[in-house]
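# Observations on chain architecture
Residue-level listing of the chains:
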Amino acid sequence: MNLIHNIRITMICFLFVLNFSTVSSQTKLKIVDKTVNFGMRTTQLRNIDVIIIHSVYNASGGDIYDIDLIIRQFSRYHVSSHYVIGREGTIYQLVKEKNVSFHAGQSSLPDGRMGANTCSIGIELMDSVGTAPTELQIRSLTALVKDIKTRYPIKYVLRHSDIAPGRKTDPWNMDWNDFLWRIGDKNTLINFKIDSLQKQ
Ligand SMILES: [Zn+2]
C-alpha cells in the first residue's frame, strides 16, 4: 500500500513539474520587434490554421546570418515572414500574426486549398544549404510553435517544400520528425503520411 501511495505521489509531482515547465517555457518566449511594412498585407480578420517553416540566409554580401541584412534582402524581393529565428535562438517578429505575410508564394495545402499565405503563419530559420539548424533554434522554434498552437486551431505544421514541391526545398537539413515529436504533433504526422501515400 505504502509503495503504491508513494508511486502515486511521485507521479503527481512529476506531472506537476512537467506541466509547470511547459507553461514557464511559453512565458519565457522573448520576441525582438523588427516590424516591416513591405512583403505583407494588413487584415482585420483572417482564419489562421497553418504554420509553414522555412530557411533563410543573406545571400547579398556580408554576414549571412545578420537579421538586418536578411530584412533588407526581403525588401528587395517584396517578401517577408512573420518570424525569423537567429542561430542563437533569438526570435524576431517582422509581421503581426493577424496580418498576411508573403512567405509561401505559389503553394497548395494537403486539403486542396491554394495559396498558403492567407491562412498561415510563416517562420524562417536562419540556415544555409550546407548547414543544419542549431539546437537553440529548434528549441525556440518548438516553443514558438507550441505558443501559436495555444492561440489558433492549427491544422497543419508544414515545410515550405511540402506546399511548393519542385519549387522549394527548405527548410534545409532539418530533422523534421524530431521537430514534430517535440511539438507533439501526431495529427500533422498522420495527416502528412496519409497525404504522401495518396500522392504515390
Ligand atoms: Zn521558404
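See the structure shown above.
A short tour of the structure in this document, coming up. Bear in mind that the values here come from a model prediction, so they are computed numbers and not experimental data. (Residues numbered from 1 in each chain as written. Predicted model: local features only at pLDDT ≥ 70, side-chain atom pairs only at ≥ 80, totals over all residues. Heavy atoms only, no water.)

What follows concerns the overall build of the chain. Each helix and strand in the chain was counted, giving six helices and eight strands. The N-to-C order of helical and strand elements in the chain reads α-β-β-β-α-β-β-β-β-α-β-α-α-α. For the chain, buried positions account for 44% of its 200 residues. Sequence-distant contacts in the chain: of pairs separated by 6 or more residues, those separated by 24 or more amount to 72%. (Helix = DSSP H or I, 4+ residues; strand = E, 2+ residues; numbered from the N terminus. Buried < 20%, exposed > 50% of the residue type's maximum accessible area, 1.4 Å probe, protein only. Contact = heavy atoms within 4.5 Å.)

Below, the discussion takes up helix α2 (residues 67–77). Those residues of α2 lying buried are Ile67, Leu69, Ile70, Ile71, Gln73 and Phe74. For α2, the elements touching its buried residues are β3 (50–56), β4 (83–85), β5 (91–93) and β7 (120–126). Between the side-chain oxygen at the start of α2 and the backbone nitrogen of aspartate 68 there is a gap of 2.9 Å, and the oxygen is on aspartate 66. Count one or two residues on from α2 and you reach histidine 78, which has phi positive near 55°. (Polar contact = N/O pair within 3.5 Å; in protein donor to acceptor, adjacent residues only side chain to side chain.)

Protein coordination at the zinc ion comes from His54 (ND1), His160 (ND1) and Asp170 (OD), with a distance range of 2.1 Å. Taken in sequence order, the residues that donate to the zinc ion follow the motif H-x105-H-x9-D. Residue histidine 160 is found in helix α4 (residues 160–163), and its partner aspartate 170 is found in the loop between α4 and α5 (176–182); the two are separated by ten residues along the sequence. Judged by relative accessible area, histidine 160 falls into the buried class, the value being 4%. (Donors = N, O, S within 2.8 Å, 3.2 Å for Na, K, Ca; no water.)

Burial runs high along β3: seven of the seven residues are buried. For β3 and strand β8 (residues 156–159), the ladder comprises four bridges, and the chain directions are parallel. Bridge pairing links isoleucine 51 to valine 157 in β8. (Pairing = 2+ DSSP bridges.)

Turning to the packing of aromatic side chains, a few remarks are in order. Inspection of every chain in the model, using the stated rule, returns two aromatic pairs. Note on tryptophan 176 and phenylalanine 179: the rings are 5.2 Å apart at their centroids and 45° apart in plane angle, and the pair reads as tilted. Residue tryptophan 176 and its partner phenylalanine 179 are both found in helix α5; the two are separated by three residues, about one turn of the helix. (Phe/Tyr/Trp six-rings, centres within 6.5 Å; stacked < 30°, edge-to-face > 60°.)

A few words on helix α3 (residues 135–151). The end-to-end C-alpha separation of α3 is 25 Å, in line with the 24 Å expected for 17 residues at 1.5 Å each. Every buried residue of α3 is accounted for by Gln137, Ile138, Ser140, Leu141, Thr142, Ala143, Leu144, Val145, Asp147 and Ile148. (Expected span 1.5 Å × (residues − 1).)

Attention shifts here to the sheet that holds β7. Strand order in the open sheet made by the six strands is β1-β5-β4-β7-β3-β8, with mixed pairing throughout. Each end of this open sheet is capped by a strand with a single partner; those strands are β1 (31–33) and β8. Within the sheet, the average angular offset between the axes of one strand and its neighbour, ignoring direction, is 25°. The pairing of β4 with β5 spans three bridges and is antiparallel. For valine 84, the partnering residue across the bridge sits in β5 and is tyrosine 92. Contacting β3, β4, β5, β7 and β8, α3 runs over the sheet at an angle of about 170° to β7. (Axes fitted to C-alpha atoms, helices over the stretch in contact; angles between N-to-C directions.)

Next up on the list: the environment of tryptophan 176. By relative accessible area, which is 6% here, tryptophan 176 ends up buried. With 18 residues separating them along the chain, tryptophan 176 and leucine 158 place their C-alpha atoms 9.4 Å apart. Not counting chain neighbours up to four residues away, the residues in contact with tryptophan 176 comprise Ile53, Val157, Leu158 and Arg159.

Attention now moves to the environment of arginine 87. For arginine 87, the position within the fold is in the loop between β4 and β5. For the pair arginine 87 and glutamine 137, spaced 50 residues apart in sequence, the C-alpha separation works out to 5.9 Å. With residues up to four places along the chain from it excluded, the contact list for arginine 87 reads Tyr65, Met126, Asp127, Thr131, Ala132, Pro133, Thr134, Leu136 and Gln137.

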